[in-house]
Amino acid sequence: MSAKILDGKLIAQQMRAEIKQGVDELKPRGVTPGLGVLLVGDNPASRSYVTAKEKACAEAGMYSEEIRLPATATKEEILAVVRGFNANPKIHGILVQLPLPDSKMEQAVIEAIDPAKDVDGFHPVSVGKMMLGLPTYLPCTPHGILHILKRSGYSTDGAHVVVVGRSNIVGRPLVNMLSLKNALGNATVTMCHTRTKDVGLHTRQADIIIAAAGKPKTITADMVREGAVVIDVGVNRVNDPATKTGYRLVGDVDYGPVAEKAAAITPVPGGVGPMTITMLLFNTLESARRTVGA
Ligand code: GUN
């Protein structure tokens, strides 16, 4: 079997066109959805994510405001920016780019965000609501993955989904969302992580494998059942002197051999990545709609 490639870039483009239409419909009511972005420090990957987020906002007709602080910024300086965004009626969604240079500050900063503007879905109130299946902002990467599956015609209903990775940003919310009794859930879910004894034992039983471990070749062909659907969340830089930058991006899946066995697979880049920003726009539009009861 040679896998169908699940084109996240194309699905993201379709969803962004729908979001733009939603933004255009809101503007005559006097509301332009706005995103406030805070970048602390100079991490090159974070800088390029933030630039991509602002470009995507502009393309969707949204307003965005970026504040940059040096890596030496104090917790109080960071909290002051978050409070400013909380109080600013032009801002409907707040994004503090993670990781922060001082990871010990992260939880306090996340908890300072007004849950009504928590378009990342990282605030404990948002996480609790997500777990209970109550209306809230769903975290962008897991939500994007569920939309790739749905829009590609792969239902999670009754499927055995094996999630590899237990991060707060991807693995753990995914397991929760997949277990809910709704159109994007209804799955039987297994979670594997670094202490799982035999990851392959579980993944070989999966209808859908979601690799979010942050390590190249976490999923090799021998770990995949013939005909499974494979979603690769990994974005790993590996050295490659043949490229201009000296590196290339690979996922967590051993792509070539796994694509020979899978029914469908997301590429890296161009799979899950473009969906994350799309779902951020989706949540920001939703937040702006709520301010006018739309
Ligand atoms: N860093 C990596 N992914 C994310 C994300 O989804 N949101 C934020 N704020 N930071 C990130």
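Treat the numbers as computed from the prediction; the structure is a model and nothing was measured.

Trainee: Help me out: how do you make sense of the overall build of the protein chain in this one?
Mentor: Scanning the protein chain from N- to C-terminus turns up ten helices and eleven strands. Over its C-alpha atoms the protein chain spans a radius of gyration of 19 Å, differing by no more than 12% from the 19 Å that the globule rule assigns to 294 residues. Taking the principal axes of the C-alpha coordinates as reference, the protein chain spans close to 50 × 40 × 35 Å. Nonlocal contacts in the protein chain, meaning residues at least 24 apart in sequence, comprise 70% of its contacts between residues at least 6 apart. One finds the centroid of the 33 positive side-chain charges in the protein chain at a distance of 1 Å from the centroid of its 28 negative side-chain charges.

Trainee: Looking at this structure, I do not really get the pattern of salt bridges. What am I missing?
Mentor: Pairing between side chains of opposite charge can happen when the charged atoms of each approach one another. In this structure the tally under the stated criterion is ten salt bridges. For Lys55, the salt bridge identified is with Glu59, shortest N-O distance 3.4 Å. Here the residue Lys55 and the residue Glu59 both occupy positions in helix H2 (residues 44-59), the gap between them amounting to four residues, near one helical turn. Note that Asp240 is salt-bridged to Arg248, the shortest N-O span being 3.0 Å. Judged by its relative accessible area of 16%, Asp240 is buried.

Trainee: Would you explain the sheet that holds strand S7 (residues 208-211) in this entry?
Mentor: Strand pairing in a sheet is mediated by backbone hydrogen bonds. Such pairs are either parallel or antiparallel. Strands sit in the order S1-S11-S8-S7-S5-S6 across an open sheet of six strands; the sheet is parallel. Of all strands in the sheet, those with a lone pairing partner are strand S1 (4-5) and strand S6 (188-192), marking the two edges. For strand S8 (residues 229-232) and strand S11 (residues 264-265), the ladder comprises two bridges, and the chain directions are parallel. Each bridged residue has a counterpart across the sheet, and for Val229 the counterpart in S11 is Ala264. Against the sheet, helix H7 (residues 171-179) touches strand S5 (160-164), S6 and S7, its axis set at about 165° to S6.

Trainee: Could you clarify how one ought to interpret the packing of aromatic side chains in this entry?
Mentor: Any two aromatic rings considered together are summarised by their centre-to-centre distance and by the angle between their planes. By the definition in use, this model includes zero aromatic pairs. We note Arg237 situated over the ring of Tyr247; from NZ or CZ to the ring centre the distance is 4.2 Å.

Trainee: Honestly, the packing of H2 against helix H10 (residues 273-291) in this entry has me stumped. Any pointers?
Mentor: How two helices pack is summed up by the angle between their axes together with the distance between the axes. Interaxial distance between H2 and H10 falls to 10 Å at its minimum, and their mutual angle equals 50°. Between H2 and H10, the crossing angle belongs to the class labelled oblique. When the axes of H2 and H10 are compared, the crossing they make is right-handed. For the pair H2 and H10, contact is made by Tyr49, Ala52, Lys53, Ala56 and Cys57 and by Ile277, Leu280 and Leu281, respectively. For the contact of H2 with H10, the class distribution of residues is seven nonpolar, no polar and one charged.

Trainee: What should I look at first to understand the nonpolar core in this one?
Mentor: Burial of nonpolar side chains together is a common tendency in soluble globular proteins. Grouped together as the largest cluster of nonpolar side chains are 48 residues, with contacts concentrated most on Ile145, Ile210 and Ile231. Once residues lying within four places of it in the same chain are set aside, the contact partners of Ile231 are Leu6, Ile145, Leu149, Ile209, Ile210, Ala211, Thr266 and Val272.

Trainee: I would appreciate a short explanation of the side chain of Asp240 in the present structure.
Mentor: Mapped onto the elements, Asp240 comes out in the loop between strand S9 (236-239) and strand S10 (247-250). Excluding its chain neighbours within four sequence positions, the residues that come into contact with Asp240 are Gly246, Tyr247 and Arg248.

Trainee: How should I be thinking about the pairing of strand S2 (residues 34-40) in this particular structure?
Mentor: The element S2 is extensively covered by neighbouring structure, given that seven of its seven residues are classed as buried. Side chains of S2 alternate between two faces, with Gly34, Gly36, Leu38 and Val40 and Leu35, Val37 and Leu39 buried alike. As defined by bridge partners, S2 adjoins strand S3 (residues 63-69) across seven bridges and the pair is classed as parallel. Each residue of the ladder has a partner; that of Leu39, found in S3, is Arg68. Crossover S2 to S3 through H2 is right-handed. Across four bridges, S2 lies against strand S4 (residues 93-96) in parallel orientation. Within the sheet, the bridge partner assigned to Gly36 lies in S4 and is Ile94.

Trainee: Help me understand H2 in this model?
Mentor: Along an α-helix, residues three or four apart share an orientation, since each turn contains 3.6 residues. The first and last C-alpha atoms of H2 sit 23 Å apart over 16 residues, in line with the 22 Å expected at 1.5 Å per residue. For H2, every residue scored as buried is listed here: Ser46, Val50, Lys53, Glu54, Ala56 and Cys57. For H2, the angular spread of buried residues about the axis comes to 160°, placing them on one side. Projecting away from the buried face of H2 at angles above 90 degrees are the exposed residues Pro44, Lys55 and Ala58. Residues of H2 that are buried sit in contact with helix H1 (8-26), S2, S3, S4 and H10. You can read the cap of H2 off the contacts: a side-chain oxygen lies 2.9 Å from the backbone nitrogen of Ala45, and it is on Asn43. Where H2 terminates, the next one or two residues include Gly61, which has phi positive at roughly 80°.

Reading the values: the criteria
One numbering rule holds for all chains: residues counted from 1, following each sequence as written. Residue-level local features of this predicted model are given only where pLDDT is at least 70; pairs of side-chain atoms are given and counted only at 80 or more, and the full residue set underlies all totals for whole chains, interfaces and linings. Calculated side-chain values reflect all of the structure's heavy atoms, with hydrogen atoms and water omitted. Under the DSSP-based scheme used, a helix requires at least four consecutive residues in state H or I and a strand at least two consecutive residues in state E, with every element numbered from the N terminus. Only C-alpha atoms enter the radius of gyration, while the globule expectation follows 2.2 Å times N to the 0.38, with N the number of residues. Any two residues having at least one pair of non-hydrogen atoms within 4.5 Å are treated as being in contact. Think of it this way: Lys and Arg go in the positive column, Asp and Glu in the negative one, and His and the chain ends go nowhere. Lysine's charge is taken at NZ, arginine's at CZ, aspartate's at CG and glutamate's at CD. Salt bridges are defined by distance alone: a side-chain nitrogen of Lys or Arg within 4 Å of a carboxyl oxygen of Asp or Glu. Buried means the residue's accessible area, taken with a 1.4 Å probe over protein chains only, is under 20% of the maximum for its type, while exposed means over 50%, and partly exposed covers the values in between. Here, any two strands with at least 2 DSSP bridges between them count as paired. Interaxial angle, 0 to 180 degrees, is taken between N-to-C directions of lines fitted to C-alpha atoms, where a helix line uses only the stretch in contact. Under the pairing criterion, centres of Phe, Tyr and Trp rings, with the six-membered ring standing for Trp, must be within 6.5 Å; the plane angle then separates stacked pairs below 30 degrees from edge-to-face pairs above 60, leaving the rest tilted. Charge over a ring is defined by NZ of Lys or CZ of Arg lying within 6 Å of the ring centre and within 35 degrees of the ring normal. Roughly parallel covers angles under 35 degrees, roughly antiparallel covers those over 145, roughly perpendicular covers 65 to 115, and oblique covers all other angles. Two helices cross in a left-handed way if the nearer one is turned anticlockwise from the farther one by less than a right angle. They cross in a right-handed way if the turn is clockwise. Residues are grouped as follows: Ala, Val, Leu, Ile, Met, Phe, Trp, Tyr, Cys and Pro are nonpolar; Asp, Glu, Lys and Arg are charged; all remaining types, including Gly, are polar. Here, nonpolar core refers to any group of buried Ala, Val, Leu, Ile, Met, Phe, Trp, Tyr and Cys residues whose side-chain atoms link them within 4.5 Å. Viewed with both strands pointing away, a crossover whose connecting path from the first strand over the helix to the second turns clockwise is right-handed. Expected helix span is computed as 1.5 Å times (number of residues minus one). The arc in question is the one spanned by the directions pointing from the helix axis to the C-beta atoms. Throughout this description, a polar contact denotes any pair of N or O atoms lying within 3.5 Å of each other; where both atoms belong to protein, one of them has to be capable of donating a hydrogen while the other can accept it, and for residues adjacent in sequence the pair is counted only when both atoms sit in side chains.

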